[in-house]
Amino acid sequence: MTEPTRPLDGIRVIDFTQVMLGPSCTQTLGDFGADVIKVERPGTGDLSRTGVLADIGGDNPVFLALNRNKRGIVVDITSPEGREIVTDLIRTADVVVSNFRPGVMERLGLGAEAVAEINPRAIWACGSGFGTSGPYAHKGGQDILGQSYSGVMKRLADPEHPVTIYATPIADYTAGLHLVQGILLALLHRERTGIGQRVEVSLYNSMLAMQMQEATTRLMYDKELNWALMPLTGCFPTSDSEIVIIGAFKENPLADICRALELPDLSVDDRFDTLENLRRNRAQIRRIIGDRLTQNTSAHWIAALEREDVLCGPVRTLSEALRDPQTSHNGMILEFEDQHGRTIRTIAPPIAMSDVPPLVRQAPPRLGEHTAEVLTELGYNAARIATMQTTGAIL
């Protein structure tokens, strides 16, 4: 069966990224056809191979989640042979991606200007913590710092709860998506001009951008916008678990909630008859709703609320969500085997395209798995490859 034409067929990406921001970007490019060549350091390779969960007893799921549809090579960039290999790769590249701390690529001789001299059509794309210049450029970038510096961590659903880290790396993932967008825009621009350009994103900027509605409210009116503090919205315990209710986007959501919960119509109570009064008496209305919800199960109340067209749903664990029939129906569990017999189960691309179904062309590579293959494509003969392996320039 002939593979479908993919949007990025023929695009070569040289990938110097590691951990999550960069790898999430390059995996997306690979999922949609790009030839992604992942360049790793000798010894450990990508930090996510040996970091969190490295002692799990098998291949590190952190690495497996972010590195399919890539070919992996190991090159000592600091050696003369390694520099020659990287230069040869860049000559063939459409995109060069990194997410080192600012200045690292420049010290390696692989900054934007150096890459443009080798290949003026190449797009030089980088992700950082705070940007490549400015007062925080020297700081290491990490998801949790992106949350804390940007104000995201302080924006709580309940002001009485202690400040805490959001448990999913939202800064890394969001910045990775922005880096994909920037690369695709630069590729489109190159189609019109023939020239590559520099593309930058940062965890900091991505987290500020995520708060564009809240930030605009603060900048223009010095007011707080917090969707989680809407008086009729929140998580509530039931007799067997928890549900979330979104009491908004309707003419009189409180009346609908009261009908569903078989309560008197509290929307005519002078404590709750206006939005201002609801905000003032938020604790009281939440206590009334919460007490009622504890008297029956989540399934019972979700069915009752949905009959009144009130937005609601269960508060699930990730394990429960992964078992949900909608997850299966949407094709979000991706399972495949690699050439070593590993069965890999992970999350599929969230973008559904009618003519381009998800396809795993390459399992996450073993360290240095494709070094000889890629060098052969570049014109290196077997004897020279063997010599460089002996000297440690490649693996």
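Every value quoted in this text rests on a predicted model; they were computed, and no experiment measured them.

Thresholds, definitions, all that
Residues numbered from 1 in each chain as written. Predicted model: local features only at pLDDT ≥ 70, side-chain atom pairs only at ≥ 80, totals over all residues. Heavy atoms only, no water. Helix = DSSP H or I, 4+ residues; strand = E, 2+ residues; numbered from the N terminus. Buried < 20%, exposed > 50% of the residue type's maximum accessible area, 1.4 Å probe, protein only. Contact = heavy atoms within 4.5 Å. Areas by Shrake-Rupley, 256 points an atom, 1.4 Å probe, with all protein chains shown as cover. Lys, Arg positive; Asp, Glu negative; His and termini not counted. Charge placed at Lys NZ, Arg CZ, Asp CG, Glu CD. Pairing = 2+ DSSP bridges. Axes fitted to C-alpha atoms, helices over the stretch in contact; angles between N-to-C directions. Right-handed = clockwise from strand over helix to strand, strands pointing away. Patch = residues over 30% accessible without salt bridge, like charges linked within 9 Å, V, L, I, M, F, W, Y side chains within 5 Å. Salt bridge = Lys/Arg side-chain N within 4 Å of Asp/Glu carboxyl O. Polar contact = N/O pair within 3.5 Å; in protein donor to acceptor, adjacent residues only side chain to side chain. Expected span 1.5 Å × (residues − 1).

Caption draft 1: A look at the overall build of the protein chain. Each helix and strand counted, the protein chain has 17 helices and eleven strands in total. Its C-alpha atoms give the protein chain principal-axis dimensions of roughly 85 × 50 × 45 Å. A total of 395 residues make up the protein chain; the buried ones form 44% of that total. Restricting the contact set of the protein chain to residue pairs at least 6 apart, pairs at least 24 apart contribute 68%. Of the roughly 20700 Å² of accessible surface on the protein chain, 55% is carried by carbon and sulfur atoms. For the protein chain, the centre of its 38 positive side-chain charges and the centre of its 49 negative side-chain charges are spaced 3 Å apart.

Caption draft 2: Just the pairing of strand 11 (residues 343-347), in detail. Taken together, the five bridges between strand 10 (residues 333-337) and strand 11 define a ladder with antiparallel strand orientation. Considered in strand 11, the bridge of Phe336 is made with Ile344. Adjacent in sequence and paired antiparallel, strand 10 and strand 11 are bridged by five residues, among which Gly341 carries a positive phi angle near 85°.

Caption draft 3: Expanded view of the sheet that holds strand 1 (residues 12-15). On the basis of which strands lie adjacent, the open sheet formed by six strands has the order 3-2-1-4-5-6 and parallel pairing. The sheet terminates laterally at strand 3 (70-74) and strand 6 (198-202), the two strands that pair on one side only. Averaged over all pairs of adjacent strands, the angle between their axes in this sheet comes to 20°, without regard to strand direction. As paired strands, strand 2 (residues 35-40) and strand 3 are joined by five bridges and run parallel to one another. Its bridge partner lying in strand 3, Val39 is registered against Ile73. The strands that helix 7 (residues 170-193) touches are strand 4 (95-98), strand 5 (123-128) and strand 6; relative to strand 6, the one it contacts most, it runs at about 165°.

Caption draft 4: The arrangement of the pairing of strand 2 in detail. Most of strand 2 sits inside the fold, with five of its six residues counted as buried. Across four bridges, the pairing between strand 1 and strand 2 is parallel. Each residue of the ladder has a partner; that of Val13, found in strand 2, is Val36. Tracing the backbone out of strand 1, into helix 1 (residues 21-31) and back to the parallel element strand 2 gives a crossover that is right-handed.

Caption draft 5: Up close: the sheet that holds strand 9 (residues 311-314). Taken together, the three strands give an open sheet; going across it, the order is 7-8-9, and neighbouring strands pair in antiparallel fashion. The sheet terminates laterally at strand 7 (233-237) and strand 9, the two strands that pair on one side only. The sheet shows a mean angle of 20° between the axes of neighbouring strands, direction not considered. Here helix 12 (residues 282-293) sits on the sheet in contact with strand 7 and strand 8 (242-246), set at roughly 40° to strand 7.

Caption draft 6: Region of the structure containing a nonpolar patch on the surface. Taken together, the side chains of Leu318, Leu322, Ile333 and Ile347 present a nonpolar region at the surface, about 340 Å² in accessible area. Among the secondary structure elements, Leu318 is positioned in helix 14 (residues 318-323).

Caption draft 7: The side chain of Asp338, seen in detail. One can find Asp338 in the loop between strand 10 and strand 11. One polar contact links the side chain of Asp338 to the main-chain amide nitrogen of His340, over a distance of 2.9 Å. For Asp338, the side chain forms a polar contact with the side chain of Arg342, separated by 2.3 Å.

Caption draft 8: Fine view of the pattern of salt bridges. Tallied over the full model, the rule gives 29 salt bridges. The salt bridge partner of Arg190 is Asp94, with a shortest N-O separation of 2.8 Å. Of this pair, Arg190 sits in helix 7 while Asp94 sits in the loop between helix 3 (80-91) and strand 4; the two residues are 96 residues apart in sequence, bridging distant segments of the chain. Within the structure, one salt-bridge network assembled from shared partners comprises Arg12, Asp35, Arg71, Glu373 and Glu377.

Caption draft 9: Spotlight on helix 17 (residues 382-391). Residue Asn381 occupies the N-cap position of helix 17, its side-chain oxygen lying 3.2 Å from the main-chain nitrogen of Ala383. Just past helix 17, the residue Gly392 takes up positive phi, approximately 90°.

Caption draft 10: Structural detail: helix 3. Under the 1.5 Å per step criterion, the end-to-end length of helix 3 is 17 Å for twelve residues, consistent within 8% with the ideal 16 Å. Within helix 3 the residues assigned to the buried category are Gly82, Ile85, Val86, Thr87, Asp88, Leu89 and Ile90.

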